Amino acid sequence: MNRILFTIALILLLALPMITGGSYYTNLASQILIAAIFAMSLNLLVGYAGLTSLGHAGYLGLAAYISSWLMVNSGFSHISSALVGILSTTAIAGIFGLIALRATGISFLMITLAFGQILWGLAYRWVNITGGDNGISGLTRPSPFGIDLGEANNFYYFALLIFCIVWLLIAILVRSPFGATIRGTKDQPRRMSALGFNVWLIRWFTFTACGFFGAIGGIMFVYYHQYISPHSLSLANSAEMLLMVIAGGAGTLMGPVIGAALVMLLKNVASQYIDNWVTLLGLVFIFIVMYIPGGIVAGYDRFKNYLNVTK
Amino acid sequence: MSFWLIQSLNSLALGGVLFTLAAGFSLIFGLMRIANLSHGAYFMLGAYVGLSVVEAGHSFFLALLAAGVAIGLLGLVVERFILRRLAGNSLSQVLATLGVAFVIADGSLWFWGGDPRLVSAPSFLAGGIKIIGQTFPLYRVALVVFSIVVAIGLWLLLDKTKLGVMIRASVDDRQMAQGIGVPATKLFSIVFCLGSALAGIGGIAAAPILSVYPGLDADMLPLALVVVILGGLGSLLGAFVGSFLIGFIYSFGQALFPDLAYIILFLPMLIILAVRPRGLFGKISA
C-alpha cells in the first residue's frame, strides 16, 4: 500500500511541471522542495533526538553566505564554493554542538535561539563581509553538464533530485540501528547510558548531521533566490522551519515534507491577500501547538484509528 | 577619562533596563519552567503603548503606569487562555509564547508603522547632572536609580512577604510546595502577570535611550536569554548581576568594536555554559 502511494507521489512529482503549465507553480514547487530539505534536516534533531532547536535558519545563512562570498569575491566555481560552504557549515555546527549539548530541553532551545541570533547579528552588522542589510547579490545558478538551471523546469528537477537524495540519506540513517539509538537517547537517555551507549556522542552526531543537511538546503536556497540577506536568518525563519516539522509530524519521515508543503502553500496563498504573514505564522503556531500537538501525520493516524474503532 | 566615565554610565543604564526585562523572565522560568519567548515582544509593546500615551499629551509617569497595566493584563490573558491549557507540557508552552511574540511584533508594525520613534524623557530629567566635575545625562542616572528601586522592591516581595515565600518554595521544590497547599495555578498567574508588567514598564522606561522600532523585540529577547543563562535561571540575584555585566560588555563592545559587539556579547555566555552550565547563581541545572 505504502509502496503504491510512494510510486504515485514520485510520478506526480516528476510530471508536475507538465501538469502546472506556468512557471509560477513550478517555482513554488521548487521552493517547497527546498523548504522540505530544511524541515527534514531539522526533524533529525527535533523529531528523532528530541532536541528542539530554534536556530536552524542559521545553517541556511552560514552555507549561503560562505558559498556566495566565495563565488562573488574570490572567484570560486559553483562546485567548490558549494563544497566549502557545506563542509565549513558542518564544522561550525559541530562546534556549536559542543556547547549547545551542555543542556537539553528548554535550555537547549534557548541556546540554539541565541546561536541563531549571533549569526543573524553577524550577517546584519559585519557589513564589510556580508554587505549588511543589503546582503549579497549577483549570484548565478550553476549549469551542470550544460543544463541551464536558470530555467524554472530544469531547476525544479535539480531540486527534486537533491530532495530525493537527502530524503534517502535521512531515511537510511533513521532506519539504521544507529537511528534506533538516536530515538533511544530521546525516550530513555539514562537507560541508554546504562546500556553503554554514549548518549552525548550520539546527540552530537545528530546535531552535526542536522547542520550538514541544513547546509545543503542553504546552498539550494541561495541557488534558487540568487540572493542572501540577514532576513533569511531571522528568528521568524527558524520558527517557520520548526513549524513545518511540528505541523507535519515530528519524528516521522513524511511529516516534515507535508508540513513544508502546507506552510509554503499557506504563505504563498496568504501573501496574495494580506501583508501580515508573520501574524498568521504566529496564530498557526499557537493553533497547532494547542490542538494538533502531534502534527498532521499523527493526527491523521488518530483519526483513522478513531474511524476503525467506531465502525 | 571622560570616555570611560560616560560609557560606564551608559553600561549601568543599559544594565538597569536589562534587569527589568530579565528579572521577570527569570522568575517566570524559575516558577513555571518555561522560557517566555514573548518577553521581548512585551518589552516592545510596552514601549509603544507608552509612546502613544505620551503622544496623546499625557505625562511620562502615566505612560509608565499604562504600559505596566496594559502588558500585565496581556500577560494575564496569555497565561489564562493559552499557557494554562498546555499545563505540564513546557515545550508546547514555549512554542506558544513564540507564536504570541510573532503576533505582537507584526501587529505593532501594522499599528505603529515601521519608522523608529523617539520618546523624549520627562522634562525635569532631560538635562545633565554634574558629578565630580563631569556632566552626565540625568535620565540615565535616573534609569539606574529606577532599576535599583525595582530590584529592592522585588527582593522585598520575594524575601519578606507571604507571597514571596510561596514563590520561593515553588521555585525550589514545586511538588513539595503544592503538597503543603501552595496554590500553584494562582502563583503562575501572578508571576506571569508581574513579569510581563515589568517587561512593559522596562520598555517605556528604556524608550528615551533606545527609541522604539520594529525589531526591538528581537534585539532584546536574546539579551534577556544571555543575561539569565549567565546569571542562572530562576535567580533574582543572578538576573541583577548578569544584567549589569551584559550592560557593560555590550556598551563597551559597541564603543570599541562596533562590528563585532554582537559576538563579544555572547562570549561570556559560551564560557559560562562550558564551565558552569547552571549559571553564576543558578540553582536549577540547565
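Residues numbered from 1 in each chain as written. Chains lettered and ligands numbered in written order. Predicted model: local features only at pLDDT ≥ 70, side-chain atom pairs only at ≥ 80, totals over all residues.

Asks: Looking at this model, I keep getting lost on the overall build of chain B. Mind explaining?
Replies: When you go through chain B residue by residue, the secondary structure sums to eleven helices and two strands. Computed over C-alpha atoms, the radius of gyration of chain B comes to 18 Å, within 12% of the 19 Å expected from 2.2 N^0.38 for 286 residues, which places it in the range of a compact globule. Principal-axis analysis of the C-alpha atoms places the extent of chain B at approximately 60 × 45 × 35 Å. Looking at chain B residue by residue over its 286 residues, the buried ones come to 53%. Sequence-distant contacts in chain B: of pairs separated by 6 or more residues, those separated by 24 or more amount to 74%. (Helix = DSSP H or I, 4+ residues; strand = E, 2+ residues; numbered from the N terminus. Rg over C-alpha atoms; globule rule 2.2 N^0.38 Å. Buried ≥ 20, exposed ≤ 12 C-beta atoms within 10 Å, placed from the backbone. Contact = placed C-beta atoms within 7 Å.)

Asks: Help me understand the confidence of the model for chain A, please; the structure alone is not making it clear to me.
Replies: The predicted coordinates of low-pLDDT regions are not to be read in fine detail. In the predicted model, chain A carries a mean pLDDT of 86, and the fraction of residues at 70 or more is 99%. Element-level pLDDT for chain A is lowest in helix α14 (residues 295-310) of chain A, with a mean of 73, against a maximum mean of 93 in helix α10 (residues 199-225) of chain A. (pLDDT = per-residue confidence, 0-100.)

Asks: Teacher, can you tell me more about the confidence of the model for chain B here?
Replies: Residues and elements named next belong to chain B. Per-chain confidence: chain B averages 87 in pLDDT, with 98% of residues scoring 70 or above. Mean pLDDT in chain B bottoms out at strand β1 (residues 128-131), which sits at 74, and peaks at helix α2 (residues 39-55), which reaches 94. Scored as a whole, the predicted complex attains pTM 0.88, and scored at its interfaces, ipTM 0.82.

Asks: When you look at the nonpolar core in this model, what are you seeing that I'm missing?
Replies: If you look at soluble globular proteins, the nonpolar side chains tend to sit buried side by side. One finds A:Ile37, A:Ala39, A:Leu243, A:Phe285 and B:Val226 to be the most contacted residues of the largest nonpolar core, which totals 202 residues. Residues within four places of A:Phe285 in sequence aside, it is in contact with A:Ala239, A:Leu243, B:Leu95, B:Leu98, B:Gly99 and B:Phe102. (Core = buried A, V, L, I, M, F, W, Y, C linked by C-beta atoms within 7 Å.)

Asks: In this structure, what is going on with unusual backbone geometry? I would like to understand it.
Replies: Working note: non-glycine residues mostly have negative phi, and peptide bonds are mostly trans. The backbone phi angle of A:Gln226 is positive, close to 55 degrees, even though this residue is not glycine. By secondary structure assignment, the location of A:Gln226 is in the loop between α10 and α11 (235-248). Residue classification places A:Gln226 among the partly exposed positions, given that 14 C-beta atoms sit within 10 Å. For B:Arg33, which is not glycine, the phi dihedral falls at a positive 60 degrees. Here B:Arg33 is to be found in the loop between α1 (2-32) and α2.

Asks: Mind showing me how you'd approach the interface of chain A and chain B here?
Replies: A common way to report how large an interface is uses the accessible area buried once the components associate. Listed as interface residues are 31 residues of chain A and, on the opposing side, 35 residues of chain B. For the side of chain A that touches chain B, the elements supplying multiple residues, two or more each, are α5 (105-125), α11 and α13 (277-291) of chain A. If you tally residues by element for the side of chain A that touches chain B, the top one is α5(A), at twelve residues. Residues of the side of chain A that touches chain B, tallied by class, amount to 22 nonpolar, seven polar and two charged. (Nonpolar A, V, L, I, M, F, W, Y, C, P; charged D, E, K, R; others polar.)

Asks: When you look at helix α6 (residues 162-172) of chain B in this model, what are you seeing that I'm missing?
Replies: Three or four residues apart is the spacing at which side chains of an α-helix point the same way, because the helix has 3.6 residues per turn. Residue and element names in this part refer to chain B. Buried within α6 we find Met166, Ile167, Ser170 and Val171. End-on view of α6: buried residues confined to an arc of 135 degrees, all on one side of the axis. Looking at the buried side of α6, the elements it contacts are α1, α5 (138-160), α7 (174-179) and α8 (184-210). (Arc of directions from axis to C-beta.)

Asks: Explain the environment of A:Arg175 here, please?
Replies: Here A:Arg175 shows up in helix α7 (residues 152-175). By C-beta crowding, A:Arg175 is classed as exposed, having 11 other C-beta atoms within 10 Å.

Asks: How do you make sense of α2(B) when you look at a structure like this?
Replies: An ideal rise of 1.5 Å per residue puts 24 Å on 17 residues; α2(B) measures up with 24 Å between its terminal C-alpha atoms. For α2(B), the buried fraction is high: 15 of the 17 residues fall into the buried class. (Expected span 1.5 Å × (residues − 1).)

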